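Residues per chain, in single letters:
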Amino acid sequence: MPEFEPVSEHIARLELPWRIFDLVNAPVSVWLVRGEGGYTLIDTGPPETADLMVAAVARATGGQGPQRVLLTHGHYDHAGGLEALRVAWNPALLCHREEVPFVTGEVDYRQLKPHSFTFWIGRFFLARNDWGLPVARDLEGGQAADGMAVIHLPGHTPGQIGFLHPQDRAMICGDAVMNLKGRLSPPAAFATPDPETARASIRRLGELDYAHLLPSHGPPILDRGREALLAFLGQAQAEEETLTGQW
Ligand SMILES: [Zn+2]
């Protein structure tokens, strides 16, 4: 049984198993944030593990469940537990303004304009979202949600957001960067319609102040999260320069 494990004073992490195309293991994290007004859940995992997720949330909250769910973005492996949460506790659902139509089912991610060949192909393999749930409130960059700052991190999806928890000095960054095989990487190309904007979002993460970097895929980077991100940005920059030099 997967359980929430504390990562900082107010934030706990639950890692759920997930397989892309039934092939690649890409476990995904959901976050439980304890605040003055009760519990906030950030992301919900894929539909396949919704029961495990709801059971873990019930144990971690003493049965009361989350009062609200914030979505970093509406991809299958982040929003797939929404229906199960609605049945269990019917929490309010919040996401970025530009992500709303994907969550309510008005628009499909496959309809996004591809800026890369990989996404042009990859989009046909994206799992379809079929929950179509109402969104209680939409968020924007610069707003606050439960004491956390909402940071707009577009590119991977138009309305991807991260949450900066100033008290815990933690940055919950969704898929803006991933931490796979011990190194940071940009979001998966096959699921990222606009890689250039996604790179700008990684640079944005480099401008913020935090100690812990908490990505959705891969382990959290505690204490030296910002340093790791800046090192990755430096590396990426050097690689880009070498490439431009070659051409
Ligand atoms: Zn994603």
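Look a little higher up for the structure.
Residues numbered from 1 in each chain as written. Predicted model: local features only at pLDDT ≥ 70, side-chain atom pairs only at ≥ 80, totals over all residues.

The number of helices and strands found in the protein is seven helices and 16 strands. Its C-alpha radius of gyration of 17 Å places the protein within 12% of the 18 Å reference for a compact globule of 247 residues. Along the first, second and third principal axes, the C-alpha set of the protein runs to 60 × 40 × 35 Å. Going through the 247 residues of the protein one by one, you find that 43% of them count as buried. By sequence separation, contacts in the protein at least 24 residues apart represent 64% of the contacts at least 6 residues apart. (Helix = DSSP H or I, 4+ residues; strand = E, 2+ residues; numbered from the N terminus. Rg over C-alpha atoms; globule rule 2.2 N^0.38 Å. Buried ≥ 20, exposed ≤ 12 C-beta atoms within 10 Å, placed from the backbone. Contact = placed C-beta atoms within 7 Å.)

Before going further, it helps to examine the sheet that holds strand β8 (residues 92-96). Across the sheet, which stays open at both edges, the seven strands sit in the order β1-β2-β5-β6-β7-β8-β9 with mixed pairing between neighbours. Two strands bound the open sheet, and with one partner strand each, they are β1 (5-6) and β9 (137-139). Strands in contact with helix α1 (residues 50-60) are β2 (11-16), β5 (28-35) and β6 (38-42); relative to β2, the strand with the most contacts, it is inclined by about 155 degrees. (Pairing = 2+ DSSP bridges. Axes fitted to C-alpha atoms, helices over the stretch in contact; angles between N-to-C directions.)

Let us look at the sheet that holds strand β12 (residues 161-165). Strands in a sheet are paired, the pairing made by backbone hydrogen bonds, and the direction either parallel or antiparallel. Across the sheet, which stays open at both edges, the five strands sit in the order β10-β11-β12-β13-β16 with mixed pairing between neighbours. The open sheet terminates on both sides in strands that have one partner only, identified here as β10 (144-145) and β16 (212-215). Two strands pair when backbone bridges link them, and β10 and strand β11 (residues 148-152) are joined in this way by two bridges, in the antiparallel orientation. The residue bridging A145 from the neighbouring strand is M148, located in β11.

Turning next to α1. When α1 is considered as a whole, its buried residues turn out to be A50, M53, A56, V57 and A60. Relative to the axis of α1, the buried residues are bounded by an arc of 130 degrees and lie together on one face. Set apart from the buried face of α1 by more than 90 degrees, the exposed residues are D51 and R59. Contacts from the buried residues of α1 go to β2, β5, β6 and α3 (82-88). (Arc of directions from axis to C-beta.)

Judged by how many residues are buried, strand β13 (residues 170-174) sits mostly within the fold: five of five residues are covered. Alternating positions in β13 separate into two faces, A170, I172 and G174 on one and M171 and C173 on the other, with burial throughout. Note that β12 and β13 share three bridges and pair antiparallel. Counted as the bridge partner of F163 is I172 from β13. Where β12 folds back onto β13 in an antiparallel hairpin, the turn is made up of four residues, including R169, whose phi is positive at roughly 50 degrees. Both β13 and β16 contribute to a ladder of four bridges, which runs parallel. Bridge assignment links G174 to a residue of β16, and that residue is P215.

Let's shift gears to the nonpolar core. What tends to happen in soluble globular proteins is that the nonpolar side chains get buried as a cluster. W31, I42, M171, I172, C173 and V177 are the most contacted members of the largest nonpolar core, which has 55 residues in total. Apart from residues lying up to four places away in sequence, W31 is in contact with I11, R13, I42, D43, I172 and L214. (Core = buried A, V, L, I, M, F, W, Y, C linked by C-beta atoms within 7 Å.)

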